[in-house]
Amino acid sequence: EKTKAKVGYLDDELDLTNLAVALDPGTAPVFLGDPIGVSQNGLIHWKRICTKFPDSCTNVQTDKIDNWIKDKPSLADRNAPIHYMSVSVEGNEYEILQGSARNLGRVHFLHFTYNWSGDWGKQSLKDLVFRLKKKGFVCYWAGDYGNMWRITDCYQDHYELHFFANIACVNTNVTAALPLAENMEKMFLETLNKPSLQYGVA
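Everything in this summary refers to the structure shown in the same document. (Residues numbered from 1 in each chain as written. Predicted model: local features only at pLDDT ≥ 70, side-chain atom pairs only at ≥ 80, totals over all residues. Heavy atoms only, no water.)

## Concerning the sheet that holds strand β6 (residues 137-142)
Spatially, the five strands line up as an open sheet ordered β4-β5-β8-β6-β7, and their pairing is mixed. Edge positions in the open sheet fall to β4 (82-87) and β7 (148-150), since each of these has one partner strand only. Within this sheet the neighbouring strands show an average axis-to-axis angle of 25 degrees, counted without direction. Inspection of the sheet shows β6 paired to strand β8 (residues 165-171) by five bridges, in the antiparallel sense. Bridge pairing links Y140 to A168 in β8. On top of the sheet, helix α7 (residues 178-192) reaches β5 (107-114), β6, β7 and β8; it is set at about 100 degrees to β7, its chief contact. (Pairing = 2+ DSSP bridges. Helix = DSSP H or I, 4+ residues; strand = E, 2+ residues; numbered from the N terminus. Axes fitted to C-alpha atoms, helices over the stretch in contact; angles between N-to-C directions. Contact = heavy atoms within 4.5 Å.)

## What to know about the state of the cysteines
This structure, assessed with the given rule, holds two disulfides. Each sulfur of the disulfide joining C139 and C169 lies 2.1 Å from the other. Across the disulfide from C139 to C169, rotation about the S-S bond amounts to roughly 105 degrees, and the bridge is consequently right-handed. Of the two residues, C139 is situated in strand β6 and C169 in strand β8; the sequence distance between them amounts to 30 residues. For C169, a relative accessible area of 0% corresponds to the buried category. (Disulfide = S-S within 2.5 Å. Buried < 20%, exposed > 50% of the residue type's maximum accessible area, 1.4 Å probe, protein only.)

Laid out in structure tokens, this is it:
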């Protein structure tokens, strides 16, 4: 409630949940010495540090997005759209998207981060992009200055090298998202035509 008041939201405009998002329901340790929201702090980091300092940790509830949505009246209706979904969780992105599988079909725009942390070390971006394509998503590398490079149907082997990046996906199975899909594809084609981004062009 303090957070809602601080940022100026009314009660029905912002829903804050004290929950660690994971693939399965259960509990997970959180290191109390770390500030929440700091980059590289997350379940994988806390699991490691709490092995060394168990007295400085507490357990919190975990659950997947699909279960969390069931208890939200505004989202429980399977026909209700989810306009925007962003996942940036220091390495657990793949797992969280797996736990959102039942509801991804009504997400219009999806953003997630890709890096070398956590489970990304054993998960394949190619596999994730393929799974998202089956649900209608077209995914792009989201660069600076309006630059975008399509990943879907343009996959390169070196994309499996782990580095920090933002990935933006649009659901082409959702009619209301088609104008956005057209704009994103247009940005991709414009990026390809920029001389400064073409190999061998001075």
